[in-house]
Structure formats: structure tokens, C-alpha cells
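# Chain and residue survey
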Amino acid sequence: MNRKHIFIALAIALPALAAAADVVNTKQNLLVAFNQEVNARLRYRAFADKADAEGFPGVAGLFRALAFSEGVHADNHARALETLGGRAVESVLVYRVETTRANLKESLRVERSESGTIYPAYLKQAAVDGNAQAVKSLEGAMASEGGHARLLSKVLRRAGEWKTKLVLLVCKACGYTTDDLSVKQCPYCAHPRAEFAEL
Ligand SMILES: [Fe+2]
Ligand SMILES: [Fe+2]
């Protein structure tokens, strides 16, 4: 894939992206979604480093699993975009790293926005446009982001466990993320457990 990096300095880029669900067409929506995922991956990696620095390996593990998952979404969106003749051009944005608690809260807000507002709108448009690969990619991301929100909410409520290392599984096909280590296959895409990433 021939991706070009464009660095854009925006002071508070993340909320601006997350708040918008401007539906144009599936090609444009996939490019926006691709960049939401690319930037989420970068942000979560930075949040993980911050959590480690604050002595919270449990939260760091969650952020690293989320980063891996967002990378799966980005790759899927890029492939779907290519089926429409588009090209996944990265627009890397500046983000803020706050305290781990603040990073968790902001992440939860964004994941809820993506799963509850942005992806449903994109999915609806993809169905209208009749692009099956886009529908599959967007469905996988929407379901995963809902799962991310649930995990973030759970971890936020259990600050007493932040110092305990957390093991998570991520489906390499759709990005589904879970702390249920007994899972046999992905509930969304049926990818076998043996091919999940363990982080
Ligand atoms: Fe997410
Ligand atoms: Fe999956």
C-alpha cells in the first residue's frame, strides 16, 4: 500500500474528529474513518507509555490492546477504500497526553461517539452505496469500538486493579477486543481463537 504521511498540527484534533459524523459518500467516509483509526492507534500507544510511567501496567495493557485493534480497523478500511479506487493517505494529528485517568475518560468519550454515532452513520451510507467490503469493515470497527468502550468503562471503575497486568485478546480480522480468555472464536467474524493476538 502506498501511503503518504501528512503531518497536520492541530492543538485539539481528536475531539474535532470524534464529534463529527459528516456523511458524504462511502469513499470519503472510509478515508475519514481510516484516519480516525490511525490516530487512535498513535494516541493509545502514547497513553500506554503514560500509564506505564505512572505505574499502571494494567491500564497500559488495555491501551496497547486497543492500539492493536485500531490498527486492524485502519488496515481494513484502507483495503475497502482501495476497492472504491481510493487511497489511504494518513493525516497524523497532534494529541494531548494527560493523566491516565483523564486519558481513560477521554478515550471512553471517543469510543462511545464512534460506536454510537459515527460508525452507524457511515454504515448506513455504505449500505446505500452497496459496497459489501466497506459494510464489513465498518461493521467490524463499530462492534469493536463498542467493546472498547465497555472495557474502558470497566477499567475506569476498577482503579484498584490498575497496577495488575491485564491480558487481552484481539481478533486480527476485525479488531474485536476482549478480556475473556476463554473465547473460542470471534463473535463478530468467527475468526478462530488460535489466530487472536494476545497482548
Ligand atoms: Fe476503539
Ligand atoms: Fe473478528
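This text goes with the structure placed above it.
Residues numbered from 1 in each chain as written. Chains lettered and ligands numbered in written order. Predicted model: local features only at pLDDT ≥ 70, side-chain atom pairs only at ≥ 80, totals over all residues.

### Considerations on the overall build of the chain
Helix and strand content of the chain: 5 helices and 5 strands. Ordered by position from N to C terminus, the α and β elements of the chain give β-α-α-α-β-α-α-β-β-β. Counting every position in the chain, which comprises 199 residues, the buried fraction comes to 43%. A sequence separation of at least 24 residues applies to 77% of the contacts in the chain between residues at least 6 apart. (Helix = DSSP H or I, 4+ residues; strand = E, 2+ residues; numbered from the N terminus. Buried ≥ 20, exposed ≤ 12 C-beta atoms within 10 Å, placed from the backbone. Contact = placed C-beta atoms within 7 Å.)

### A word on unusual backbone geometry
At Ala190, a position not held by glycine, the phi torsion is positive, near 65 degrees. Looking at where Ala190 falls in the secondary structure, it is placed in the loop between strand 4 (177-178) and strand 5 (196-198).

### Some details on helix 4 (residues 100-129)
Here helix 4 spans 40 Å end to end across 30 residues, near enough to the 44 Å set by a 1.5 Å rise per residue. Along helix 4, the sharpest change in direction is near 40 degrees and occurs at Glu114. Within two residues after helix 4, Gly130 carries a phi angle of roughly 70 degrees, on the positive side. (Expected span 1.5 Å × (residues − 1). Bend = angle between axes of the 7 residues up to and from the residue.)

### Some remarks on the nonpolar core
Counting residues in hydrophobic clusters, the biggest one holds 48 residues, and the most contacted among them are Phe34, Val59, Leu62, Phe63 and Leu138. Elements with a contribution of two residues or more to this core: helix 2 (26-53), helix 3 (57-83), helix 4, helix 5 (132-157) and strand 3 (169-171). Broken down by element, this core gets its largest block of residues, 12 residues, from helix 3. (Core = buried A, V, L, I, M, F, W, Y, C linked by C-beta atoms within 7 Å.)

Fair warning: the whole summary comes from geometry, so function is off the table for now.
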